[in-house]
Amino acid sequence: MFINRFEEAARRFPNATALAAGYRRLSYRDLNHLAQHVHRSLKIRGLCTNMVVAIVTDRSFRSIAIILGILKAGATYLPIDTDNPPERRSFIINDAQPDLIIYDKDHYPTDVDYQDRSVSIDNLFANYEYRSARSNYSRITNSRKRPAYILYTSGSTGTPKGVVVSNENLSSFLDSINAELKLDRRSVFLATTTLSFD
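Q: Residue-level account of unusual backbone geometry, with values.
A: The residue Asn50 is not glycine, and still its phi comes out positive at about 80 degrees. Within the element layout of this structure, Asn50 appears in the loop between helix 2 (28-44) and strand 3 (52-56). Phi angles above zero are rare outside glycine, and Gln97 is one such case at about 50 degrees. The topology assignment puts Gln97 in the loop between helix 4 (86-96) and strand 5 (100-103).

Structural data, given as structure tokens:
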């Protein structure tokens, strides 16, 4: 599974760059620390295997850590584009009925009643502390058939529909990219799309 591959990369190449944005760099070790913090924080908030977590935020180091933390918990993430009109964001949330919403302060979906099931990104990372490497691997028992994420179609031909992508499908997709492009640990990917673009 993808999350197992990520944790293996963090073990083998802890000092290698995992993410880069402008002049900022984040190593696999540091990204894994952040993701494990998210994992622990979400568990405290009651997140369990097979639950769905909506993410309403722009792409950033922290949003990637949130996705990884959700996958570490065996849950499913639902990215919602912050550029979407409010009515589309509300439709997706009301249709998907996520168990939790993670949002940044500029994009809280005020027209849905989720105050008791939402947490801001700032609060999620408020008590972050660097922990020893031993505590940052989650002994994941994710089933390959378990959903990894849900994406909603554009709705250009009707009502938007949620498409569920399993861990197995995600792994197959990554394998095909790796085979086609012949990637190795020195390869660099340029990401220019939103979190909700597959």
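What follows picks up the thread again.
Q: Describe the packing of aromatic side chains, listing the residues and the values that go with them.
A: Enumeration over the complete set of coordinates arrives at 2 aromatic pairs. Arranged with centres 6.1 Å apart and planes meeting at 40 degrees, the rings of Phe6 and Tyr28 form a pair that is tilted. Here Tyr28 lies in helix 2 and Phe6 lies in helix 1 (residues 2-12), a separation of 22 residues in the sequence. Judged by its relative accessible area of 6%, Phe6 falls in the buried class. Its relative accessible area of 23% is what places Tyr28 among the partly exposed residues.

Q: I'd like to hear about the environment of Arg186, residue by residue, with values.
A: The topology assignment puts Arg186 in the segment after helix 6 (167-181). Between the C-alpha atom of Arg186 and that of Thr17, which follows or precedes it by 169 residues, the distance is 9.4 Å.

Q: Can you break down the environment of Thr49 residue by residue, with the values?
A: Its location among the elements puts Thr49 in the loop between helix 2 and strand 3. With a relative accessible area of 36%, Thr49 lands in the partly exposed category. C-alpha of Thr49 to C-alpha of Ile70: the two residues are 21 residues apart in sequence and 9.3 Å apart in space. Excluding its chain neighbours within four sequence positions, the residues that come into contact with Thr49 are Ala73, Gly74 and Arg146.

Thresholds, definitions, all that
Residues numbered from 1 in each chain as written. Predicted model: local features only at pLDDT ≥ 70, side-chain atom pairs only at ≥ 80, totals over all residues. Heavy atoms only, no water. Helix = DSSP H or I, 4+ residues; strand = E, 2+ residues; numbered from the N terminus. Phe/Tyr/Trp six-rings, centres within 6.5 Å; stacked < 30°, edge-to-face > 60°. Buried < 20%, exposed > 50% of the residue type's maximum accessible area, 1.4 Å probe, protein only. Contact = heavy atoms within 4.5 Å.

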